[in-house]
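Here's the letter readout for the chains.
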Amino acid sequence: MELQLDGRQRELQSEFRAFAGEQIAPQAGEFDRMEAMPRRFLDDLGTRGFLASQVPHEYGGRGLDAIAYGLL
C-alpha cells in the first residue's frame, strides 16, 4: 500500500520545511549550546500556531490531523 499526502498536508509540509530552514537550522547550534530557545523564538512558534497545532480551530488552534502534526 502506498500512502500519499493530500494537498493540505503538502502545503503544511512546505510551510514547516521553510520555517525550519529559515528559523531553526541557522540557530540550532546556538540553541544546543544554550540548552534553551530564546523567548522570541517560542513567541514566533505560538504566533504561527505551531504550539497549538492539534487544538481545534474553534479553540484557537490549527486543528492539524495526526499526519500533519507528524510533519511538523
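Refer to the structure above for everything that follows.
Remember, it's a predicted structure, so these values are computed and weren't measured experimentally.

Peer 1: What exactly am I supposed to notice about the overall build of the protein chain here?
Peer 2: Tallying secondary structure elements over the protein chain gives four helices and zero strands in all. In the protein chain, the succession of helices and strands from N to C terminus is α-α-α-α. Along the three orthogonal principal directions, the C-alpha set of the protein chain runs to about 40 × 30 × 15 Å. Taken over 72 residues, the protein chain has a buried fraction of 21%. Counting every atom, the protein chain has about 5,400 Å² of accessible surface; 51% of that belongs to carbon and sulfur. Measuring between centres, the 8 positive side-chain charges of the protein chain sit 3 Å from its 12 negative side-chain charges.

Peer 1: Teacher, can you tell me more about the nonpolar core here?
Peer 2: By size, the foremost hydrophobic cluster in this structure holds nine residues: Leu12, Phe16, Phe19, Phe31, Phe41, Leu45, Phe50, Leu64 and Ala68. Of all the elements in the fold, those that place two or more residues in this core are α1 (7-24) and α3 (39-47). When residues of this core are assigned to their parent elements, the largest contribution, three residues, is made by α1.

Peer 1: Would you explain the packing of aromatic side chains in this entry?
Peer 2: Between two aromatic rings, the relevant description is the distance of the centres plus the angle of the planes. As enumerated under the stated definition, the model contains four aromatic pairs in all. Centroid distance Phe31 to Phe41: 5.1 Å. Interplanar angle 55°. Geometry classified as tilted. Of the two residues, Phe31 is situated in helix α2 (residues 28-34) and Phe41 in helix α3; the sequence distance between them amounts to 10 residues. You can call Phe41 buried: its relative accessible area is 2%. Among the aromatic residues, those joined into a cluster by ring pairs are Phe16, Phe19, Phe31, Phe41 and Phe50.

Peer 1: Explain α1 to me, please; I cannot follow it from the model alone.
Peer 2: Because an α-helix packs 3.6 residues into every turn, residues spaced three or four apart end up facing the same way. Relative to the 26 Å expected for 18 residues at 1.5 Å per residue, α1 spans 25 Å between its end C-alpha atoms, a close match to the ideal helical length. Along α1, the residues classified as buried are Gln9, Leu12, Phe16 and Phe19. Projected onto a plane normal to the axis of α1, the buried residues spread over an arc of 90° and lie on a single side. When the buried face of α1 is taken as reference, the exposed residues oriented beyond 90 degrees from it are Glu11, Arg17 and Glu22. Those residues of α1 that are buried are in contact with α3 and α4 (66-71).

Peer 1: Please clarify how the environment of Leu12 should be interpreted in this entry.
Peer 2: In this structure, Leu12 sits in helix α1. On the basis of relative accessible area, Leu12 is assigned to the buried category, the value being 2%. For Leu12 and Pro26, which are 14 residues apart along the polypeptide, the C-alpha to C-alpha distance reads 21 Å.

Peer 1: How should unusual backbone geometry be read in this particular structure?
Peer 2: A negative phi angle is the norm for most residues apart from glycine, just as the trans form is the norm for most peptide bonds. Notably, Glu35 is not glycine yet its phi reads approximately 55°, a positive angle. By the secondary structure assignment, Glu35 is in the loop between α2 and α3.

Cut-offs and rules
Residues numbered from 1 in each chain as written. Predicted model: local features only at pLDDT ≥ 70, side-chain atom pairs only at ≥ 80, totals over all residues. Heavy atoms only, no water. Helix = DSSP H or I, 4+ residues; strand = E, 2+ residues; numbered from the N terminus. Buried < 20%, exposed > 50% of the residue type's maximum accessible area, 1.4 Å probe, protein only. Areas by Shrake-Rupley, 256 points an atom, 1.4 Å probe, with all protein chains shown as cover. Lys, Arg positive; Asp, Glu negative; His and termini not counted. Charge placed at Lys NZ, Arg CZ, Asp CG, Glu CD. Core = buried A, V, L, I, M, F, W, Y, C linked by side-chain atoms within 4.5 Å. Phe/Tyr/Trp six-rings, centres within 6.5 Å; stacked < 30°, edge-to-face > 60°. Expected span 1.5 Å × (residues − 1). Arc of directions from axis to C-beta. Contact = heavy atoms within 4.5 Å.

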